[in-house]
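# Fold and contact review
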Amino acid sequence: MNKKNQIWLYIAVAVVQLVVICSMIFFNNNISQNGVELKIKVMPIDPYDAFRGKYITLNVNNIVNKQKDGEIEEKTKLYITFKSSESGFSELDLAYLTKPKGKLYIEAVAEESSSLSNPTIKIRTPFERFYIEERYSQAAERVYRENAGEKEVYIKVKVLNGKSVIKDLYVN
């Protein structure tokens, strides 16, 4: 390969990388701007990942009812709808195998297989981690521990076309 072709290849690779990064930013910004905002209760845990830094694991009630009886295999893509609770929070509601028409939903994955007779299934939600600046993470964990059970902890999530973006974490 001559020098001229190497330069063009390098430029092409750089442009592709730039396009991928910009599309990811645009995609998440579009959800943040145009998505429906939901409040979802969580129970946070403050772990550490050597590669990704400080984050808060968000334990959401991830047991949902299946929309209809049937077997669902582990790692099956599902569409989860929401219902509103009396306290004003949104809760995961039903698991569908196809996109539900006219309903707000997120894409999720079956964490375990579910038999014909079992009406529920355990799922992995797309909002399980909330990354936080290290200088705030210990304070957030301390506030949660000191007020565990007394105050509600929730996230605000924007949802659009099955995708979601966590906006913020709140200890009320």
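Coordinates for the structure precede this section.
A short tour of the structure in this document, coming up. (Residues numbered from 1 in each chain as written. Predicted model: local features only at pLDDT ≥ 70, side-chain atom pairs only at ≥ 80, totals over all residues. Heavy atoms only, no water.)

## Thoughts on the pattern of salt bridges
Inspection of every chain in the model, using the stated rule, returns 5 salt bridges. Here Lys156 ties to Glu37 by a salt bridge, and the two come within 3.9 Å at their closest N and O atoms. Note that Lys156 is positioned in strand E11 (residues 153-160) and Glu37 in strand E1 (residues 36-41), a separation of 119 residues in sequence. Its relative accessible area of 42% is what places Glu37 among the partly exposed residues. Notably, a salt bridge pairs Lys77 with Glu107, separated by 3.6 Å at the nearest N-O pair. Taken together, the residues Lys77 in strand E6 (residues 77-84) and Glu107 in strand E8 (residues 105-110) connect sequence positions 30 residues apart. (Salt bridge = Lys/Arg side-chain N within 4 Å of Asp/Glu carboxyl O. Helix = DSSP H or I, 4+ residues; strand = E, 2+ residues; numbered from the N terminus. Buried < 20%, exposed > 50% of the residue type's maximum accessible area, 1.4 Å probe, protein only.)

## Quick look at the environment of Thr120
Within the secondary structure, Thr120 sits in strand E9 (residues 120-124). Since its relative accessible area comes to 24%, Thr120 is described here as partly exposed. Here Thr120 is in contact with Ile63, Val64, Asn65, Lys66 and Ser114, once residues within four sequence places are set aside. (Contact = heavy atoms within 4.5 Å.)

## Re the side chain of Thr81
Locating Thr81 in the fold gives a position in strand E6. Overall, the relative accessible area of 3% leaves Thr81 in the buried class.

## Re the sheet that holds E1
Either a parallel or an antiparallel arrangement is found when strands of a sheet pair, and the pairing is made through backbone hydrogen bonds. Taken in spatial order, the 3 strands line up as E1-E11-E12 in an open sheet, and their pairing is antiparallel. Edge positions in the sheet fall to E1 and strand E12 (163-171), since each of these pairs with one other strand and no more. Between one strand axis and the next, the sheet turns through 25° on average, direction left out of account. In the packing of helix H1 (residues 3-34) onto the sheet, the strands contacted are E1, E11 and E12, and the crossing angle to E12 comes to about 60°. (Pairing = 2+ DSSP bridges. Axes fitted to C-alpha atoms, helices over the stretch in contact; angles between N-to-C directions.)

## Let's talk about unusual backbone geometry
Here the phi dihedral of Lys75 falls at roughly 70°; this positive angle occurs in a residue that is not glycine. The residue Lys75 is located in the loop between strand E5 (63-66) and E6 in this model. On the accessibility criterion, Lys75 (67% relative accessible area) is exposed. Positioned with a positive phi, Asn161 is a non-glycine residue whose angle comes to about 50°. For Asn161, the location among the structural elements is in the loop between E11 and E12. Owing to a relative accessible area of 60%, Asn161 belongs among the exposed residues under this scheme.

## Side note on the environment of Tyr170
By the element assignment, Tyr170 lies in strand E12. When its relative accessible area of 30% is taken as the criterion, Tyr170 is described as partly exposed. When the C-alpha atoms of Tyr170 and Lys41 are compared, they prove to be 9.5 Å apart, with 129 residues separating the residues in sequence. If we ignore the near neighbours within four places in the chain, the residues touching Tyr170 are Glu152, Val153, Tyr154 and Lys156.

## Observations concerning H1
For H1, spanning 32 residues, the distance from its first C-alpha to its last is 46 Å, which sits close to the expected 46 Å at 1.5 Å a residue. In this structure Asn2 caps H1, since a side-chain oxygen of it lies 3.2 Å from the backbone nitrogen of Lys4. (Expected span 1.5 Å × (residues − 1). Polar contact = N/O pair within 3.5 Å; in protein donor to acceptor, adjacent residues only side chain to side chain.)

## Some remarks on a negative patch on the surface
A cluster of acidic side chains, namely Glu71, Glu73, Glu74 and Glu112, defines a negative patch on the protein surface. Along the chain, the position of Glu74 falls in the loop between E5 and E6. Using a relative accessible area of 46% as the deciding quantity, one classes Glu74 as partly exposed. (Patch = residues over 30% accessible without salt bridge, like charges linked within 9 Å, V, L, I, M, F, W, Y side chains within 5 Å. Areas by Shrake-Rupley, 256 points an atom, 1.4 Å probe, with all protein chains shown as cover. Lys, Arg positive; Asp, Glu negative; His and termini not counted. Charge placed at Lys NZ, Arg CZ, Asp CG, Glu CD.)

## Quick look at the pairing of E5
The pairing of E5 with E9 spans 3 bridges and is classified as antiparallel. Residue pairing in the sheet places Val64 in a bridge with Ile121 of E9.

Such coordinate-based values are descriptive only and should not be taken to indicate function.
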